[in-house]
Amino acid sequence: MKDGASGPDNNSVTRRSFLKMASSMGLLAGLTGALAGCDDKNPKHPGGNGWLPNQYNAAGNFPAQVRGRVPIDLDNPSIMRDNQKCVLCGQCLETCENIESVYGYYSLPIVDETICIHCGQCSMACPTEAISERDDTDKVFKALDDQNKFVLVQTAPATRVALGEEFGLPPGAWVQGQQVAALRRLGFDAVLDTNFTADLTIMEEGTELIKRIKGEVKMPLPQFTSCSPGWIKFCEYFYPDLLPNMSSCKSPQQMFGALAKTYYAKARGIDPASIVSVSIMPCTAKKFECNRPEMNDSGYKDVDYVLTTRELARMIKKNKIDFTSLPEEKYDPIMGEETGGAVIFGATGGVMEAAARAAYFLITGQEPPALFLNLTPVRGLDGVKEAAVDIPGVGTLRVAVCHGMANGRKVLDAVRTGKAPWHFVEFMTCPGGCIAGGGQPRTAVPPTDAIREQRLASLYKADASLPKRKSYENAEVAALYQNFLEHPMSELAEELLHTEYHSRANKLHPLLFKAV
Amino acid sequence: MTSKMGALVDVTRCIGCESCKVACSLYNGLKPEQMQESKTTPASENVELAVSRWTVVQSHKFEKNGEQIRRFVKRQCFHCQEPACASACFAKAMQKTPAGPVVYNENLCVGCRYCMIACPFEVLKFEWDKPFPRVLKCQMCPDRIEEGQMPACASVCPTGAITFGEREKLVEEAKKRLAEKPNFYVNHIYGLKEVGGTSWLYISDVPFGELGFRTDAPEKALPEYTWEVLKWTPAIFVGWGAILTGLYLYNKRRAAAHDEEEMYAPVDPD
C-alpha cells in the first residue's frame, strides 16, 4: 500500500497480530503440555534405573546368600574403603566371618567402636579394590624430603618374596637385594632389616618360654607368640582371660623401633628426636600396632610410619625406579644381619621352627640336630599343626601352630577348657602367615593357596641356603647383648622389648558361636 | 490412605557398614560420590540427606549408664501414611501409592517446592544446579516392591537392622521385641503415631531425641491441620458471597429509598 493513511495491508503481518498469534499459540502449547502431563499413564519417578548384584534380586525376605559388607570406621588406622567402588559383593564379609571369625562373633548392639582386628584380609578379597590400606606414602615422602631428619627403614621378612609381583616377577620371586637398592634410591638414610629383631625376638621369646617351663616366672603355659598384631587385638577382644599366656615380647617391628631410637641412635651418634623410623610390612595391622599407647618405650614413638608392600611398590613406581633392573644390594650394618631362623618368620610355623632351634641351644648349650633345621610338621598350609620335639633336659616340647583366627579359635577354646597339651603356640592372623598378609600384593583376588605356597617355598629356600640358620648365631644380635642389653630379659630388655596387653572385653559382647 | 508395606529399623542392630547407602546409589543410579567425599563422609553425626544421597547412616556417640556407646541411624524419607508433601502438592506430583511408597512424578512437578516446606522431616532435596530441577528423595524402590522384592537398602542389610514387610506385621514385630526386652529398648515405636504414622518404623535402646529424631512431631497427620481450616472453604466461599450479596442488596434498597425520600421531600418554601 502506497497510501500510508489507509493503514497496513490486511494480508501482511502487523506487530500487533503477530504478538496476538504468538501468545495464543503459547497458551495452546502450554495447555496441551499440561493436559498431556496430567494424563501420564506411566508416571516417571526418579531412580530405579541402576543395578544391584544378582544375589539381592529375589522376591521375599529369605536371606539366601551373603549380604552387605564389613563395617570400616573413618578413623581406622589400617584400612579404608571407597564407596564409589563397592559393588556389595559381600566377599569382605565372608572373609571376616569365615577366615578371621570376627564379624558375626559379637552380639549386637555394638558398644562404642567398630570391631576390627586390622588384618586387612578383606582388602585382599575385595574384587574392586574398594577396601584398601590407608595410604601413608605422602607422610614418608615428606619425611624423606626433610634434610633435618634421619629416615631409617626396616623391611619385614615376608615383603622380599612378594614385592617383585608388583613389578611383573613370578609369585615368590626373591627380591631382597633389589628391595634394599630401591629403598636406597628412594632416599632412605639407612636400610635395615626386621630380620635382625626377628632373631632378637627368638632370643627373648625363647628365654621367656624356658623360664615359664622351668617355673622361674609365674605365668601360665602354653605361651602364645605375640608377633602378629591382628592376633593380639583378637585375643584382647575375644579371649582376654588368656592374655597372661601371651608372650610379653613385642613384635619384631616394635622391638626394632624401640632399639632404633636408643641403641642404633647411640651407636651412630644420631639425635633420636631427628630419627624417622619407617617400616615396610606385609601387614595392615602393623599400622595399628605402631600407634598403640604401649609402643613408646624409647621415649619417642617407636615406629613412626608403617608402609605395606603395596605402598612401597607405589612409591617405587612414583619415583620411576626400574625395579627389575636394580642391582642386588646389602643391608646396612648394626641392625641388618639375618639368619635363616628370622627369614622364615614370614611363614606360618616359621616362628615356631626358629624358636625350637634356639630353645634347643638355650637349654642344652648344643647345636640342634638336623630335625630342627627342617621341622616339617609345622610347615605347610594346614589350619592347625602340631609337633613334639625331644630336648634333653626338659623332655618333650609340644608345640602348635595355627593361622587364620577361625583356626585360632579351635586352639584357644582347647586352651580355655584346659585340654591343651602344648607348651608353645604360634598364632598368625593371616592364612599362610605374613607372606599372605593384608598388605601384600593382590596377585590373585581372592588370594590362592598356589601363590601362598610359592612364597613359602621361596622363604624356606632362602633359609636353607643361608650359612647361619639359627637365631643365636646372629653376630649383630650378640653384639647388641654385649654392648647394650647385657642378656635376654635383662632389665633394659624388659623395658624396651617387652610390654603388657590389656583386655578389650568391654568393647564388645562376644559370642562363642557365630550368630546366624 | 494407609499403606500396606513398610520397613522396621532396629537401631540396636546397625553396625554402620553403610551397605544400604551403597545399594541405594547402585540401584537408583545416583551420581557416585566424589572420590574424596566417599572416603571422608562415612557415617558421622552430621552427614545429611542430599540430592545424590537418598539414604545416609548417621553415627551418634553418647553415654549410657556411665558407659560410652555408639549408635548408627539410617535416615531416609519416612513415607508418611498421610504425607504432608502430597497434601501440599497441587500438581499431584507427590503421591502415596497403595503399596506404601510416597512417589514423586517428575513429569507433573512444577517446581514450586511447597512439598519441601510441608515435609516435617526435611527429607526433600532440590536440584538447585539443574536447568530443570527435580525434588529428590527416597522413593522406596516402588518397582522392586511391585515385583515382590525388598527395597534395595533392605535387601543388602547384613545384620537384619532393616526388616521389610507389611506394616501391620512390622508393628507387631516391633511390639514383640519391645516386650521381650523391656529394660533394654525405649518403650516407643517411632513412626507408629508420629505425624499420623509412617511407613518406616524405628525402635531403639536410646531415646530418639538423642539420635536426632524430631520429638515434637504431633501425633495428628499434618494434612489434618490444614483440613481443619480448609474444610470451611466452600462454606466461607458461599457464605461470604451470600453475605456480600445480601449487603449489596440491602444497601441498594436503602440507597433507593433514601433517594426517593430526598426526591419527594417537601421543598423549603423559602
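Since the structure is predicted, the reported quantities are computational estimates derived from the model, not experimental observations. Here the residue numbers are simple positions, counted from 1 along each chain's written sequence. For naming, the first written chain is A and the first written ligand is 1, with later ones following in the order written. Owing to the predicted nature of the model, reporting of local features is limited to residues with pLDDT of at least 70; listing and counting of side-chain atom pairs is limited to 80 or more, with chain, interface and lining totals taken over all residues.

A. Broad picture of the overall build of chain A. When you go through chain A residue by residue, the secondary structure sums to 16 helices and 12 strands. Here the radius of gyration uses the C-alpha set of atoms, whereas the globule reference equals 2.2 Å times the residue count to the power 0.38. Taking 516 residues into account, the globule formula puts the C-alpha radius of gyration at 24 Å, and chain A, at 31 Å, lies well above it. Along the first, second and third principal axes, the C-alpha set of chain A runs to 130 × 55 × 40 Å. Whether a residue is buried, exposed or partly exposed follows from its count of other C-beta atoms within 10 Å of its own C-beta, namely 20 or more, 12 or fewer, or something in between, respectively; the C-beta atoms are built from the backbone. Looking at chain A as a whole, 51% of its 516 residues are labelled buried. Contacts in chain A between residues far apart in sequence, at least 24 positions, make up 78% of those at least 6 positions apart. For the purposes of this entry, the term helix denotes a DSSP run of H or I that reaches at least four residues, the term strand denotes a run of E that reaches at least two, and both are numbered from the N terminus. By definition, residues are in contact whenever their C-beta atoms, placed on the basis of the backbone, come within 7 Å of each other.

B. Highlighting the overall build of chain B. Tallying secondary structure elements over chain B gives nine helices and nine strands in all. A globule of 270 residues ought to have a C-alpha radius of gyration of about 18 Å, yet chain B, at 27 Å, is considerably larger. Projected onto its principal axes, the C-alpha coordinates of chain B cover approximately 105 × 50 × 40 Å. The proportion of buried residues among the 270 residues of chain B is 41%. Look at the contacts in chain B between residues 6 or more apart in sequence, and 61% of them connect residues 24 or more apart.

C. View of the pairing of strand β2 (residues 56–64) of chain B. Residue and element names in this part refer to chain B. The rule for pairing is simple: two strands pair if DSSP sees at least two bridges between them. Summarising the sheet, β2 and strand β3 (residues 67–75) pair through nine bridges and their orientation is antiparallel. Bridged to Phe62 within β3 is Ile69. Linkage of β2 to β3, two consecutive antiparallel strands, is achieved through a turn of two residues, within which Asn65 is found at a positive phi near 50°.

D. Up close: the interface of chain B and chain A. Opposite the 50 residues of chain B that make contact, chain A presents 38 residues. Listed by contribution, the elements that provide at least two residues to the side of chain B that touches chain A are α1 (19–28), α2 (35–40), β3, β5 (102–104), α5 (142–146), α6 (152–156) and β8 (162–166) of chain B. Classes in brief: Ala, Val, Leu, Ile, Met, Phe, Trp, Tyr, Cys and Pro nonpolar; Asp, Glu, Lys and Arg charged; the others, Gly included, polar. Classifying every residue of the side of chain B that touches chain A by side-chain character gives 22 nonpolar, 16 polar and 12 charged.

E. Quick look at the sheet that holds strand β1 (residues 5–10) of chain B. Residue and element names in this part refer to chain B. Here we have three strands laid out as an open sheet, ordered β8-β1-β9, and mixed in their pairing. The open sheet has two edge strands with one neighbour each: β8 and β9 (200–203). Adjacent strand axes in the sheet meet at a mean angle of 25°, parallel and antiparallel pairs treated alike. Pairing analysis gives five bridges linking β1 to β8, with the strands arranged antiparallel. Across the sheet, residue Gly6 finds its bridge partner in β8, namely Gly165. Axis angles are defined between N-to-C directions and span 0 to 180 degrees, where every axis is a line fitted to C-alpha atoms and, for a helix, only to the segment in contact.

F. Representation of helix α5 (residues 176–186) of chain A. Residue and element names in this part refer to chain A. Taking burial as the measure, the 11 residues of α5 include eight buried ones, the bulk of the element. When α5 is considered as a whole, its buried residues turn out to be Gln176, Gln178, Gln179, Val180, Ala181, Ala182, Leu183 and Leu186. Residues of α5 that are buried in the fold lie against α4 (137–145), β4 (150–155), β5 (190–193) and α10 (309–318). Downstream of α5 by a residue or two, Gly187 has a phi angle that is positive, lying close to 105°.

G. Expanded view of the packing of helix α6 (residues 194–214) of chain A against helix α12 (residues 350–364) of chain A. Residue and element names in this part refer to chain A. Across the interface, α6 lies against α12 with an axial gap of 9 Å and an inter-helix angle of 60°. By the angle class used here, α6 and α12 are oblique. The handedness of the crossing between α6 and α12 is right-handed. Across from Ile202, Met203, Glu205, Gly206, Thr207, Leu209 and Ile210 in α6, the residues of α12 making contact are Ala354, Ala355, Ala358, Ala359, Leu362 and Ile363. For the contact of α6 with α12, a count of residues per class yields 10 nonpolar, two polar and one charged. Roughly parallel here means an angle under 35 degrees, roughly antiparallel means over 145, roughly perpendicular means 65 to 115, and every remaining angle is called oblique. Should the near helix be turned anticlockwise from the far one by less than a right angle, the crossing is left-handed, and should it be turned clockwise, the crossing is right-handed.

H. Here's a closer look at the sheet that holds strand β8 (residues 305–308) of chain A. Residues and elements named next belong to chain A. Pairing in this open sheet of four strands is parallel, and the strands run β5-β4-β7-β8 from one edge to the other. Because the sheet does not close on itself, it has two edges, and the strands there are β5 and β8. Taking each pair of neighbouring strands and ignoring which way they run, the sheet shows an average axis angle of 25°. Examined bridge by bridge, β4 and β5 share four bridges and lie parallel to one another. Each bridged residue has a counterpart across the sheet, and for Thr155 the counterpart in β5 is Asp193. In this fold α4 packs onto β4, β7 (275–281) and β8, with an angle of close to 120° to the strand it touches most, β8.

I. How the structure looks around the confidence of the model for chain B. The pLDDT value expresses, per residue, how confident the predictor is, ranging between 0 and 100. For chain B, per-residue confidence averages 87 on the pLDDT scale, and residues scoring 70 or more make up 93% of the total. As a predicted assembly, this complex carries a pTM of 0.86 together with an ipTM value of 0.82.

J. Just the packing of α6(A) against helix α8 (residues 252–268) of chain A, in detail. Residue and element names in this part refer to chain A. Contact pair α6 / α8: the axes reach a minimum separation of 8 Å and the direction vectors enclose 105°. On the basis of their axis angle, the class for α6 and α8 is roughly perpendicular. When α6 is examined against α8, the residues Thr194, Thr197, Ala198, Leu200 and Thr201 are found in contact with a partner set consisting of Pro252, Gln253, Met255, Phe256 and Leu259. Each residue belonging to the contact of α6 with α8 can be placed in one class, and the counts come to six nonpolar, four polar and no charged.

K. Focus on the environment of A:Gly187. Residues and elements named next belong to chain A. The residue Gly187 is located in the loop between α5 and β5 in this model. Under the C-beta neighbour-count criterion, Gly187 is labelled partly exposed, with 13 such atoms within 10 Å. Sequence separation of Gly187 and Asp145 is 42 residues, and the distance between their C-alpha atoms is 8.4 Å.

L. Layout of helix α15 (residues 475–485) of chain A. Residue and element names in this part refer to chain A. Taken together, the buried positions of α15 are occupied by Val477, Leu480 and Leu485. Projection of α15 onto a plane perpendicular to its axis shows the buried side chains occupying an angular sector of 50°, all on one side. Exposed and oriented more than 90 degrees from the buried face of α15 are Ala475, Gln482 and Asn483. In this structure, the buried residues of α15 make contact with α6, α8 and α16 (491–497). Two residues or fewer after α15 comes Glu486, characterised by a positive phi angle close to 75°. The arc refers to the directions leading from the helix axis to the C-beta atoms.

M. Region of the structure containing the pairing of β7(A). All names here are of chain A. In terms of burial, β7 is largely enclosed, as seven of its seven residues are buried. Where burial is concerned, the two faces of β7 agree: the one with Ile275, Ser277, Ser279 and Met281 and the one with Val276, Val278 and Ile280 are both buried. Where β4 meets β7, six bridges bridge the pair, whose relative direction is parallel. Note that in β7 the partner of Leu152 across the bridge is Ser277.

N. Expanded view of the nonpolar core. Note on definitions: a nonpolar core is a set of buried residues drawn from Ala, Val, Leu, Ile, Met, Phe, Trp, Tyr and Cys, linked by C-beta atoms within 7 Å. With 201 residues, the main nonpolar core has A:Val399 and B:Ala23 as its most contacted residues. Not counting residues up to four positions away in its chain, the partners in contact with B:Ala23 are A:Leu52, A:Leu88, B:Ala152, B:Cys153, B:Ser155 and B:Val156.

O. Representation of the confidence of the model for chain A in the model. Taken residue by residue, chain A gives an average pLDDT of 89. The fraction at 70 or more is 95%. The spread of mean pLDDT over the elements of chain A runs between strand β12 (residues 509–510) of chain A, the lowest at 84, and β8(A), the highest at 95.

P. Representation of the environment of A:Lys470 within the structure. Residue and element names in this part refer to chain A. Checked against the element boundaries, Lys470 lands in the loop between α14 (449–465) and α15. Separated by 98 residues in sequence, Lys470 and Phe372 have C-alpha atoms that sit 9.7 Å apart. With near-sequence residues (within four places) excluded, Lys470 lies in contact with Thr339, Gly341, Arg357, Ala358 and Phe361.

Q. Layout of unusual backbone geometry. A cis amide bond links A:Leu221 to the next residue, A:Pro222, at an omega of 0°. Here A:Pro222 lies in the loop between α6 and β6 (223–224). The amide bond that connects A:Val445 to the next residue, A:Pro446, takes the cis arrangement and shows omega of -5°. Structurally, the position occupied by A:Pro446 is in the loop between β11 (424–428) and α14. Phi at B:Cys141 is positive, roughly 45°, even though this residue is not glycine. Even without a glycine there, the phi angle at B:Val195 is positive, about 40°. Following the sequence through the fold, B:Val195 ends up in the loop between α7 (167–180) and β9.

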